Protein chains: 2
Amino acid sequence: MRPLHAFQSTRRLLFAAALVLASQAHAESDPLPSWNDGPVKQAISGFVQATTTQGSPQFVPEAERIATFDQDGTLWVSHPIYSQVMYCLDRVPAVVKAKPKLAKIEPFKTVMSGNREAIAKLSMDDLLKIVTATLTGMSVKEFQTEVKAWLATAKDPRWKKPYTELTYQPMQEVLKYLRDNGYKTYIVTGGGQDFVRVYSEATYGISPEQVVGSALGTKYGYDKSGKPFLTKEPKLLLNDNNAGKPESIHLMIGRRPVAAFGNSTGDRQMLEYTKAGDGARLSMLVLHDDAKREYAYGPAQGLPATKVGAFTQALYDEAKKQGWMVISMKNDWKQIFEFESK
Amino acid sequence: MRPLHAFQSTRRLLFAAALVLASQAHAESDPLPSWNDGPVKQAISGFVQATTTQGSPQFVPEAERIATFDQDGTLWVSHPIYSQVMYCLDRVPAVVKAKPKLAKIEPFKTVMSGNREAIAKLSMDDLLKIVTATLTGMSVKEFQTEVKAWLATAKDPRWKKPYTELTYQPMQEVLKYLRDNGYKTYIVTGGGQDFVRVYSEATYGISPEQVVGSALGTKYGYDKSGKPFLTKEPKLLLNDNNAGKPESIHLMIGRRPVAAFGNSTGDRQMLEYTKAGDGARLSMLVLHDDAKREYAYGPAQGLPATKVGAFTQALYDEAKKQGWMVISMKNDWKQIFEFESK
C-alpha cells in the first residue's frame, strides 16, 4: 500500500500547487483591475462568464455577442461641455475667415467675441447654425483631416490633456474584457458618427465600422479631374438619441445588443431594448457622483446636468425598476483615468 | 571535403523535396477551384497577394481590408426577376387575406389573378405599392419570421431549387478567399437590407451587420405588456443604388472599399469610388453571357436586360476605360452552382 499512498500524497500536493498557481494566475489576470470589488464588478464578470461559457444555460453564440456603449459621459468626460461642441466652436474662426461676412452675423459674432458667458447662453438653434457651418459643406476627407488636427492640439481646460486621454480606464477595461470574450463592441453615440470615427480605433480599439452615431447625409460627386468624392450635407439622416438609438442599432447592426452601457436619458431606450431581449442581458448606467475625481451632476448631486443627456431622478428610478445596474464612479471605480498614478 | 559535399547534396535534395511538397500544397489548396485560369483569376490572386503580403509596396493593413459585393446578379441569380420581388408577390395573398378590400384594388387585383403576363407588366409605381404593403407595417421580428418561412419553401422556377442555393460558387470562393486573407466582406445591395440579413450568414458567411442595403425606417414603440419593439415603416431611409452605394458605404462602414464587385449600372459608382482610392484597388463586373448554364442578357446578348440594374454597353465601355475587369461567366467560371456535378 505504501507506494500508492505516496503517489496519492504527491498527487494531492500537485493538485494543491495547481490550485495556488491557478488562483495566482486569476489574481494576476483580473480583467477589471480599475474596478472596486462589489455588486457591479461582480455583475459584469458574472454576465461575461454566463454568456460565454460553453454549456451555460445563458450561453450566447459568438456571432450574437454585441455590446453597445454610449460615448459622452459613458466612455469619456462630457461635462461641462461635449468635446464635439468644443470642436465646432473652435472651428468658427476658420469658417469666418473663409466667409468674412459671418463675423457680423449671430451666433458667429458671439463665438468670435470669446465671451464665455455669452457663448454658454447660446440657444440650441444657434448651436445648430454653428454645427451646420462647421460640419458640412466640405468633403469627408477634409473633415477627417480637420478633426485629426484639432485632436492633436486641443486640450481639456481642467486636466490640460488631449480629449482622447480623458477616457475612463474602467470602461476601457470593460471594452477589452468583452472583446477578449468574443464580443463585438460598438459605440452608439448621440454625437457625430464621422467625428467619433476619426479617433475610435486609436482611442477605444473600436474600428470606424463599429461606430454608430448621429449622421448627416453625404452627396456623391466629382472634382475637376473627374475623381469621385463625398461631400458632407446639411441634412440630418440619423438622430442617434432616445428612440433613435435602437432604430439606428437595427439599421447599422441588425441585431439586438446583449449588453448596453449609457449614462443619460438619451440612452434609456437603448438600455430598455437591450434588456427586453431573451436570455442574459446587461444594461448599465454610469452615475457621475464623484465631484473630486471627475464631476458630480444630475439632480441628486447639486451641479446642474448638461443640457442634453441628463441623468435625471426619473432615469435613476427607471433603472431600479427595470433592473439596470447603476455604476457609481465614486464607489465602483478605483481609478478613473489611465494617467492617474495608481 | 566529402562530408560537406554529402551534406550539401542532402540539403539540395531536401530543398527540392520541399519545393515539390509546397507546389503540391499550393495545387491542393487553390482557393478558386471553380475559376478557369486566365487574366481574371490571376487578377484576383495577384490583388490578394499584393495587398496582404508583408513588405509588398501595395500592402494594406488588415483593418483597412474592406471588400464590397453587390448581391443580385453578382452573388446569386437575379434574372428574370429579383428574388425579393418574388417574395413580395408571394406575400400578396396573405396581405389581401388580412385586408380583404385590397382584392378589388390594383395592383393587388392583378397579382391575385395569377396572370403572369399582366404581372410582368406592372409599373414601378405598382411595384412600390406592393412593396409597401408587404414589407412594412409589421414588427421587425414578424418580418424576419415571414422571410425565413418563405425561403424554406419558395423555389426558383427554372432550377426547382431554393433561392439560397442559386448563389455563384466562384463568388462564394472569392468571398472565402478574401476573408481567409483578413478581408471583411460586405454585401452592398440595392435590395432590402432587412431581407438579405435574414439569410446572409447561412448563405454567404456574411453576418447581418456586414449587410448594407436599401433600408426603410423603423419606429420604436411598445406592445400591450410594455415590451419595446421596432415596426417597419413605409419611409425610405437609404436607396442603395447608384450614388446611394458609396453614400451608404460611408454611412455604414466609414471606409472606402479596397475591392468591389458588381454587375449592373447600379454598381457603377461603387466600383468607381473603390477604384479612385490610393494603392491597389480591384473593381470587377460580372457579365451574364452564359445562355446555357445561366442567362445571357444585356444589349450584347440578345435577351432584354432586367428593368433595374442592367449591364449596358455604356457600362461595358466604362469598365474598359476605368480599368475594371469584366468577369465572363461563360469563360471564367468552370462551375456556376455548388449543386452542379463537377
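Here, the structure is the one placed above.
Bear in mind that the values here come from a model prediction, so they are computed numbers and not experimental data.

A. Local environment of the overall build of chain A. In terms of helices and strands, chain A carries 13 helices and 7 strands. Within chain A, buried positions represent 51% of all 342 residues. For chain A, contacts bridging at least 24 residues in sequence account for 65% of all contacts bridging at least 6.

B. Expanded view of the interface of chain B and chain A. Facing 39 residues of chain B, the contacting portion of chain A comprises 38 residues. Here chain B packs against chain A, burying approximately 3200 Å² in sum over the two surfaces, 52% of which is carbon and sulfur. Connecting chain B to chain A are 6 salt bridges. For the salt bridge of Arg-255 of chain A with Glu-209 of chain B, the shortest nitrogen-to-oxygen distance reads 3.0 Å. For the pair chain B and chain A, the number of links is 24 residue pairs in polar contact (both at pLDDT 80 or more). Looking at the side of chain B that touches chain A, the elements that each hand over two or more residues are β2 (184-192), α9 (193-204), β3 (211-222), β4 (228-238), α10 (244-252) and α11 (268-275) of chain B. Grouping the constituent residues of the side of chain B that touches chain A by class yields 19 nonpolar, 7 polar and 13 charged.

C. Structural view of the pairing of strand β1 (residues 66-69) of chain A. Residue and element names in this part refer to chain A. Of the two faces of β1, the one lined by Ile-66 and Thr-68 and the one lined by Ala-67 and Phe-69 are each fully buried. Sheet topology note: the β1/strand β2 (residues 184-192) ladder contains 4 bridges and is parallel. Each residue of the ladder has a partner; that of Ala-67, found in β2, is Thr-185. Judged from the 3 bridges that link them, β1 and strand β5 (residues 259-262) form a sheet pairing that is parallel. The residue of β5 that forms the bridge with Thr-68 is Ala-260.

D. Expanded view of the packing of aromatic side chains. All names here are of chain A. In this structure the tally under the stated criterion is 34 aromatic pairs over all chains. Ring centres 5.5 Å apart and planes at 75 degrees place the aromatic pair Tyr-220 and Tyr-222 in the edge-to-face group. The class of Tyr-222 is partly exposed, set by a relative accessible area of 40%. Ring pairs connect the aromatic residues Trp-35, Trp-159, Tyr-168, Tyr-295, Trp-333, Phe-337 and Phe-339, which therefore count as one cluster. If you follow Arg-158 out to its NZ or CZ, it ends over the ring of Tyr-295, 4.9 Å from the centre.

E. Structural view of the relation of the copies chain B and chain A. When chain B is fitted to chain A, the best match, at an RMSD of 0.0 Å, comes from turning it 180 degrees and sliding it 0.0 Å along the axis. The transformation just described matches what one would write down for a two-fold rotation axis. Among all residues of chain B, the one whose C-alpha sits closest to the rotation axis is Met-252 of chain B, at a distance of 3.1 Å. A high fraction, 97%, of the interface residues of chain B reappear at the interface in chain A, so the copies pair face to face through one surface.

F. Highlighting the sheet that holds β5 of chain A. The mixed open sheet is built from 7 strands, whose spatial order is β4-β3-β2-β1-β5-β6-β7 (chain A). Edge strands, defined here as strands with exactly one partner in the open sheet, are β4 (228-238) and β7 (325-328) of chain A. Averaged over neighbouring strand pairs, the angle between their axes works out to 35 degrees when direction is ignored. Both strand β3 (residues 211-222) of chain A and β4 of chain A contribute to a ladder of 7 bridges, which runs antiparallel. Counterpart to Tyr-220 of chain A in the pairing with β4 of chain A is Leu-230 of chain A. Packed on one face of the sheet, α10 of chain B meets β3 and β4 of chain A and runs near 155 degrees to β3 of chain A.

G. Summary view of the packing of helix α7 (residues 140-153) of chain A against helix α9 (residues 193-204) of chain A. Residue and element names in this part refer to chain A. Running from N to C, α7 and α9 cross one another at 60 degrees; their axes reach a closest spacing of 10 Å. One element, α7, and the other, α9, form an angle in the oblique class. In the packing of α7 onto α9, the handedness of the crossing is right-handed. Taken together, the residues of α9 that come into contact with α7 (itself represented by Phe-143, Gln-144, Val-147, Lys-148, Trp-150 and Leu-151) are Asp-194, Phe-195, Val-198 and Tyr-199.

H. Representation of the pattern of salt bridges within the structure. Applying the stated criterion across every chain yields a total of 24 salt bridges over all chains. Here Arg-255 of chain B and Glu-201 of chain A are joined by a salt bridge, their closest N and O atoms 3.0 Å apart. Residue Arg-255 of chain B is found in the loop between α10 and β5 (259-262), and its partner Glu-201 of chain A is found in helix α9; the two belong to separate chains. The buried category is assigned to Arg-255 of chain B, whose relative accessible area is 14%. You can call Glu-201 of chain A partly exposed: its relative accessible area is 35%. Three or more residues joined by partner-sharing salt bridges are found here, namely Lys-184 and Arg-255 of chain A together with Glu-201 and Glu-209 of chain B.

I. Structural detail: the environment of Trp-333 of chain A. Residues and elements named next belong to chain A. Position of Trp-333 relative to the elements: it lies in the segment after α13 (329-332). Expressed as a C-alpha distance, the spacing of Trp-333 and Phe-143, which sit 190 residues apart in the sequence, is 35 Å. Excluding its chain neighbours within four sequence positions, the residues that come into contact with Trp-333 are Ser-34, Trp-35, Asn-36, Tyr-168, Pro-170, Met-171, Val-286, Arg-293, Ile-327 and Ser-328.

Rules of the game
Residues numbered from 1 in each chain as written. Chains lettered and ligands numbered in written order. Predicted model: local features only at pLDDT ≥ 70, side-chain atom pairs only at ≥ 80, totals over all residues. Heavy atoms only, no water. Helix = DSSP H or I, 4+ residues; strand = E, 2+ residues; numbered from the N terminus. Buried < 20%, exposed > 50% of the residue type's maximum accessible area, 1.4 Å probe, protein only. Contact = heavy atoms within 4.5 Å. Buried area = accessible area lost by both parts, 1.4 Å probe. Salt bridge = Lys/Arg side-chain N within 4 Å of Asp/Glu carboxyl O. Polar contact = N/O pair within 3.5 Å; in protein donor to acceptor, adjacent residues only side chain to side chain. Nonpolar A, V, L, I, M, F, W, Y, C, P; charged D, E, K, R; others polar. Pairing = 2+ DSSP bridges. Phe/Tyr/Trp six-rings, centres within 6.5 Å; stacked < 30°, edge-to-face > 60°. Lys NZ or Arg CZ within 6 Å of the ring centre and 35° of its normal. Least-squares fit on C-alpha atoms with pLDDT ≥ 70 in both. Axes fitted to C-alpha atoms, helices over the stretch in contact; angles between N-to-C directions. Parallel < 35°, antiparallel > 145°, perpendicular 65-115°, else oblique. Left-handed = near helix turned anticlockwise from the far one by under 90°.

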